[in-house]
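# Observations on the three-dimensional arrangement
Each chain, letter by letter, is given below.
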Amino acid sequence: MELAREGFAVRARSALFDPAVRRSHRLLVLALMALVTMLVLVPVGFLFFGALWSEAPRVPGGHLTAGNLATIYATSTFVVPLLTTLAIGAWVGALSVVVGTLLAWLVTRTDLPRAGLWENLLVIPVYLSPLMLALAFTAMAAPRVGFINVVWQQLGGAGSLANVYSFAGIVFVLTVHYAPFAFLYLLGPMRAIGADVEEAATVLGSGSFETIRRILLPMLAPAIFATALMIFTLAAENFAVPTLLGRQSGIRTIPSEIYFWLVYEPVNPNLAASAGTMLLVVTLSGIFVYRRMTRVASRYVTVGGKPHSTRSVKLGWFRPLAPWTLALYLLATIGLPLAALLYGSFLRYISPRLSWSLLTLANYRQMLDADSLLAFRNSLVLGIGAATLTTLLGLIVTYTVHRTRVSGRGLLDYISAMPIAIPGMVLGVGMLWAYVNLPFGIWGTLWVLLIAYMGRFLVHAVRVTGNSLLQISAELDEAAQVLGAGMVRRLGGIIFPLVGRGMLSSWILLFIFVLNEVTATVLLYSSRSITLSVVVWNSLDMYGAMVAFAYSIIQTAITFVLVYFVFRLGGRVAW
Amino acid sequence: MWKYISRQEGNVKATWAWMAAPLAALLVAATGPAVQAAGGLDASKQWVAENVPGLPAGLVEAACKDGKLMLYHLVFRGKLADLIASFTKTFPCIKIDTYMASGGPLQTRFTSEWRAGQAGADVWMNSSPPFADKISKEGLLLNWTPPNDALVPAHWKRSGYWYGIGLATLGFAWNTKEVTPAEQKWLESVKTWDQIAKAPFKGRSCMVHVRAGGSAQLPYYYLLTTYGIQSWKDLKENLEPSIFSGAGPLADRLAAGECVYAPHVTADTAVATRWLQKAPIRWTFPEPGLAISYLMGISSKAAHPDAAKLFVAWSLSPHGQSAWVNSTGLAPMSKQATDRRKYAKESWYRLPGDYYPTDWDKMEKALKGMNTQFKDVFGQ
Amino acid sequence: MDHVVIAGLRKSFDGHLAVDGIDLRVKAGEIVALLGPSGCGKTTTLRCIAGLEAPTSGTITIGGRTVYSSQQGIVEPPERRGIGLVFQSYALWPHLTVRENVAYGLRVKRLPRAEIDARVSRILATVGLEQLHARYPGTLSGGQQQRVALARSLVVEAAVLLFDEPLSNLDLKLREEMRHELRQLVKRLGLTAVFVTHDQTEAMVIADRIALMHNGRILQEGPPRAVYEYPTTRFAMAFLGDANFLAAVPAGEQEGRAVVALANGQHLHSASPLACGRPGQPLTLAIRPEKVEIAGQAPSGENVLAGSVTEAVFLGNLTLYVVDCAGLPLRVQSAQTDFRPDDRVWLRLPPEWLLALAEE
């Protein structure tokens, strides 16, 4: 019946004329549509225009052409890069979800000692941008001269133990970065499932593993699928890792091709725009599947009014071993690269030879100029502002999509998800084209970046809060509605607190995304709105990786402190 | 009573005096900069009269009226602080704002803004002569010839539109700690480009991808047009090089010793940066010199056109050329500049005598075919 | 006075009619149960009344005010319908205490703080939860949660209360207690209530009137006893209790009562007018097991069948027998406990309880 109800809404008469839909709801959806369209559809629209046009927008003498698309899709040149891109996405998506699910399960469902501490530690790889991780792992595992390989040779090993310049290396580095995303995405849904669900299964004689396989995983299916899809797309659109690690071994991906078209002259933004549409089809069909799955939304509701004390699974003999396993995992994925970054940040240049003369504080001194301080301030303002606004907007969008019946809400879902499929660098071009003649002196200010970040990252807020919202019974909302509470009041008093943890996850995620966002920012910033990420990005070219290492150490520290306080703040949930 | 008042009067006067002193000081302080600026304007004018005599009278005043300058510049080693300080010391009435990006984003950003009618850049920089020519033709760059135009060699400018400020010169570089004395000897003996592929560094070499901008394309282009495709195949067969997406990552890995030898790379920029950080690196410029000039032009929609003109004229002056060379690390493009770069003082450092006269248009047109050939030879 | 009036209510999902033309009137102070199996459209009907579901067509009037009319284009949102709704899942807000949960509706109405406190305390006392007011719902038992949900709906003093299977999550004992309690409470407060349930006993205990639903329609409506004793359809007969069904054909009339012939040739009388039927058309007759009289000797009178006991199940207050009457198995409930399997017995099927039913 739930399915039927959802079906009705999809087919409903136009929301604007449907008397069954309240006027305020219609206005809300109209406003949302307008906002999301402005944030997402305008830049994406410019990109499509660019893909189909012979010149950049506003260039006289341009004409409609299929040439760009034909170059990308109808020549054999890009078949291998495309397949490589998809393969990277698929591997990273699958591995991240496996790791993330396992970690989330350990932290939320089992009697793991000090689970709260682990929860904070396991998220750390998210704080480092993929670019920094790639550089750190290069220092660790470059053939011959990487620290790991140097130690290996000292121990008498022959050749190189690890080679980061490989398909496996790319997948590894991206998985290190994205597995914690899966972990973050799945924490909320995993936690929301009442222990009774597991207890019921256990009583019926099913073992822990069996319970996970037959009960937990199916219940989490939409969340897991959404997470895998998102990470697939993120990994596939990532340019830094395959560009830095793949070039040496001849691995080409679509984003690393796009990098050439946009960073080096002669630029070809139109071709880049064409290539940028590549993942859109994959992602939108993924979202279609996700929507089919969540149509039967009531199936996944786990927070009714029922009590639940989670963390009921006894690990048994594994309990004392679990922290060591996690520690080992953390050491490999974050301890070593962080150590490499920290060590590297005190080096004049990276070298496998250890020597006092290599050490310097110059990299940190570099940060003390006025530009960096301005960039710090801007990044913090943007991070906090964009994370807050986008999370709120994301929740409202997801609420409209999942909890109201106005038509057009499905469209909202698709539109808000589009930017994730478009490589950031290309999206940046679309945003440049779209926003360059914004009125009121917005162009060149922080506001443009705020708008750009909201558009680019809205999808994450929608998904993360959506994962949490789906776990909350619609009846909790309806109960308030029947008692006379309007939508705003319900959002504030019922929905926000109930999806609080999801909003927290979303906020942190967005904050980190914003802090690290550089590919679109380099096209949109100005001297007054310069961000930390741009400073780091440019410092790579200006001084080499070492100064960037120092920046990312500081950035990681800031993020950690901030996230810690946000968690402390948000952790005070009484129920 | 009167007495009392008169005494008071005296006190009042004294009070006035007390109050007037700081007030006067404040006034002096407030007018001080103005006085100084007036002096600055005179000094500025005098500098122009001495160094760029042909500059129209009144340009300095007009530029000061603009008061500001938006400079869109390429990414250099370090900030342009020294250069800007040097300019504003002579012209204190102009404040320089900057936007920094690599060549591609600079092109996209500048053209997008220009076409949307946004007054973005006043002075725009790039490293692609063909692109600068193209937008000159379209009217994006202001057609203006500074009176000291002649100070820039013809090959590094398009008179009336854009002017070079320094050269990114190509050379081969190596890690001095990772080569044997014999190899070092061999490296020191290399003088011309046809020798670079004969280096004994099979599997320990690295190169930049042909698509990583004009300075990456130039050596490939030169080799191809001078020695034919075999020269590329020699590189592949003799060196089995790792290919990097840009000079920056390559220089990092060269410093780390991951690769030992880079047959061609923009040495004075990326590689020299690591040298300055004391990495064991050295480089040589074979003959003929291969270089790409970093160039600048004035936007035809500049919001501060007079300040922009003054900046360009200053940049072409010997003083300006020296400032550009010494703050960016680029090689001087003319004898006008005084080269005070640290590595230029090293005994092993020698700039090429002659520069190869690259036909930028031809080179850009060749890129598409070169991409394919690159893929065939180097597998990517 | 009719408090809630539903006329011609239809609701389709994806072309499938979940509610197919419901007409229902609920008098002020009356409790009406919407009874039916899952999927019969009862919850959808309730949600339409509440405004949580938008009907496809029809009208709904609450307290004389039209809250939904497809023709006039009236759609009042739930928050303006002045109703209370108790959910099956209770839908208690886990992040609010018992007191905050209950006070929510009053806060929404912006009542003065003192009045809110007083009313919340009063209603908590009424449902016996005053001790637990500071607890979070997650720490309460199922029965206590149910009371909180009830208190939350009652405290706003809506004239119409809607219940969506509110007792189905409780254990049997508690459920039986709550039925009575709920009915008394609603009656004491003089509220009008619509109560959705799939449990016929619950409906009969709580409701003044039962509307039996099937396939989106109301099959039969009336006081519990009438609906139970005189179902008009085979579905109603089976749904409301245990029943013996007998296939038969009309075999004329005698003394104004129908005579029918069973498959085994036996003739029976039925007081049911429907039983006259059309000659040759098969009929369904039914009789509830407790209406069948069982005896060790052949009683006098009509509709007597001889048979032997095949099964005897002791139920405590009653015994259930299955009796084979010449190939026709009949279920009998009786206070008599002494028959054993294979005993020869006689059954009497009183004509007034032998009902002829419509096959829908």
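Described below are features of the structure shown in this document. (Residues numbered from 1 in each chain as written. Chains lettered and ligands numbered in written order. Predicted model: local features only at pLDDT ≥ 70, side-chain atom pairs only at ≥ 80, totals over all residues. Heavy atoms only, no water.)

Right, let's get into the sheet that holds strand β2 (residues 16-27) of chain C. Residue and element names in this part refer to chain C. As summarised here, the arrangement of the five strands in space is β2-β1-β4-β5-β6, forming an open sheet in which the pairing is antiparallel. Each end of this open sheet is capped by a strand with a single partner; those strands are β2 and β6 (74-75). Across five bridges, the pairing between strand β1 (residues 2-13) and strand β4 (residues 57-62) is antiparallel. If you follow Val 4 over to β4, its bridge partner there is Ile 62. Running at roughly 120° to β1, helix α1 (residues 42-50) makes contact with β1, β2 and β4 of the sheet. (Pairing = 2+ DSSP bridges. Helix = DSSP H or I, 4+ residues; strand = E, 2+ residues; numbered from the N terminus. Contact = heavy atoms within 4.5 Å. Axes fitted to C-alpha atoms, helices over the stretch in contact; angles between N-to-C directions.)

Sorting the two pairs of chains in contact by contact count puts chains A and B at the top. With no contact between them, chain B and chain C keep their nearest C-alpha atoms 47 Å apart.

Facing 56 residues of chain B, the contacting portion of chain A comprises 55 residues. Taken together, both faces of the contact between chain B and chain A bury some 4900 Å²; the carbon and sulfur share is 53%. Between the two partners, chain B and chain A, sit one salt bridge. As a salt-bridge pair, Arg 211 of chain B and Glu 257 of chain A come within 2.6 Å of each other at their nearest N and O atoms. Applying the counting criterion to the chain B and chain A interface returns 16 residue pairs in polar contact (both at pLDDT 80 or more). Top element by residues in the side of chain B that touches chain A is helix α4 (residues 103-116) of chain B. It accounts for 10 residues. Of the residues contributing to the side of chain B that touches chain A, the split by class is 17 nonpolar, 22 polar and 17 charged. (Buried area = accessible area lost by both parts, 1.4 Å probe. Salt bridge = Lys/Arg side-chain N within 4 Å of Asp/Glu carboxyl O. Polar contact = N/O pair within 3.5 Å; in protein donor to acceptor, adjacent residues only side chain to side chain. Nonpolar A, V, L, I, M, F, W, Y, C, P; charged D, E, K, R; others polar.)

This model, assessed by the stated rule, comprises 17 cavities of 30 Å³ or more. Size it by volume and the largest cavity reaches roughly 820 Å³. Along the wall of the largest cavity there are 47 residues; nearest its centre are Tyr 264 and Asp 541 of chain A together with Gly 246, Ala 247 and Gly 248 of chain B. Here the lining of the largest cavity spans two domains, since at least three of its residues come from each of domain 1 (40-166 + 292-328) and domain 2 (168-291 + 341-378) of chain B. By volume, the second largest cavity is sized at about 520 Å³. Lining the second largest cavity are 35 residues, and of these Ser 129, Pro 130, Asn 516, Glu 517 and Val 518 of chain A lie nearest its centre. Counting only elements with at least two residues in the lining of the second largest cavity, the list comes to α6 (130-141), α8 (167-192), α10 (208-237), α19 (424-435), α20 (446-469), α23 (500-516), α25 (532-543) and α26 (545-570) of chain A. The residue inventory of the lining of the second largest cavity, partitioned by class, reads 21 nonpolar, 11 polar and three charged. (1 Å grid on protein atoms, 1.4 Å probe; cavity = no way out; pocket = protein on both sides within 12 Å on 5 of 7 lines; lining within 4 Å. Points joined across faces, edges and corners; volume = space filled by probe spheres on them. Domains from an automatic or database assignment.)

The next thing to look at is unusual backbone geometry. A cis amide bond, omega -10°, links Glu 287 of chain B with the succeeding residue Pro 288 of chain B. Within the element layout of this structure, Pro 288 of chain B appears in the loop between β9 (281-284) and β10 (290-298). Unlike most non-glycine residues, Arg 110 of chain C shows phi in positive territory, near 55°. Structurally, Arg 110 of chain C is set in the loop between α2 (98-108) and α3 (113-126). Taking the relative accessible area as the measure of exposure, Arg 110 of chain C reaches 67% and is therefore exposed. (Buried < 20%, exposed > 50% of the residue type's maximum accessible area, 1.4 Å probe, protein only.)

Per the counting criterion, the structure on display carries 41 salt bridges over all chains. Across the pair Arg 47 of chain C and Glu 53 of chain C runs a salt bridge whose closest N-O atoms are separated by 3.1 Å. Like Arg 47 of chain C, the residue Glu 53 of chain C is buried in the burial classification. Connected through shared salt-bridge partners, Glu 237, Arg 456 and Glu 517 of chain A make up one network.

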